[in-house]
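Examination of the molecular architecture
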Amino acid sequence: MAYVGTDSVKTKNRFRIVSFVDLEGNIIHVATNLPVKLEVIADLYRARWQLELFFRWIKQHLNVTRLFGTTPNAVYGQLYAVLLAYALVQ
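1. Overview of helix α1 (residues 38-61)
Here α1 is 24 residues long and its end C-alpha atoms lie 35 Å apart, about the 34 Å a rise of 1.5 Å per residue gives. Those residues of α1 that are buried are in contact with β1 (16-21), β2 (27-32) and α2 (72-89). N63 occupies a position one or two residues after α1 and carries a positive phi of about 55 degrees.

Have a look at this one:
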């Protein structure tokens, strides 16, 4: 268990430090307060990382730097339009 921050500015709650190895052999350290097993934390992190890679691909290839709307329909519409344009260009 550990606290996050410095002595002058420290969190009130303690966090559990979870360490695991990713698919490339890198050691990943995650601070969490979720009371679940290590395998669940590792799976959640891997799923989150796949989402981050997907959004990086969108920003690089589809040139979507920001979303115009915040509602699900606005996001789906914008992504559908840029994916359609990308497929036509390719």
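2. Focus on the confidence of the model for the protein chain
When pLDDT is low, close inspection of the predicted coordinates is not appropriate. Of all residues in the protein chain, 100% attain a pLDDT of 70 or more, and the chain-wide mean is 88. Across the protein chain, α2 holds the top mean pLDDT of 92, while β1 sits lowest at 89.

3. A word on the pattern of salt bridges
For the structure on display, the rule yields 2 salt bridges. Note that R48 and E52 form a salt bridge whose closest N and O atoms lie 3.0 Å from each other. Of the two residues, R48 and E52 are both situated in helix α1; the distance of 4 residues between them amounts to about one turn of the helix. Judged by its relative accessible area of 51%, R48 falls in the exposed class. Note on E52: relative accessible area 36%, which makes it partly exposed.

About the criteria used
- Residues numbered from 1 in each chain as written.
- Predicted model: local features only at pLDDT ≥ 70, side-chain atom pairs only at ≥ 80, totals over all residues.
- Heavy atoms only, no water.
- Helix = DSSP H or I, 4+ residues; strand = E, 2+ residues; numbered from the N terminus.
- Expected span 1.5 Å × (residues − 1).
- Contact = heavy atoms within 4.5 Å.
- pLDDT = per-residue confidence, 0-100.
- Salt bridge = Lys/Arg side-chain N within 4 Å of Asp/Glu carboxyl O.
- Buried < 20%, exposed > 50% of the residue type's maximum accessible area, 1.4 Å probe, protein only.

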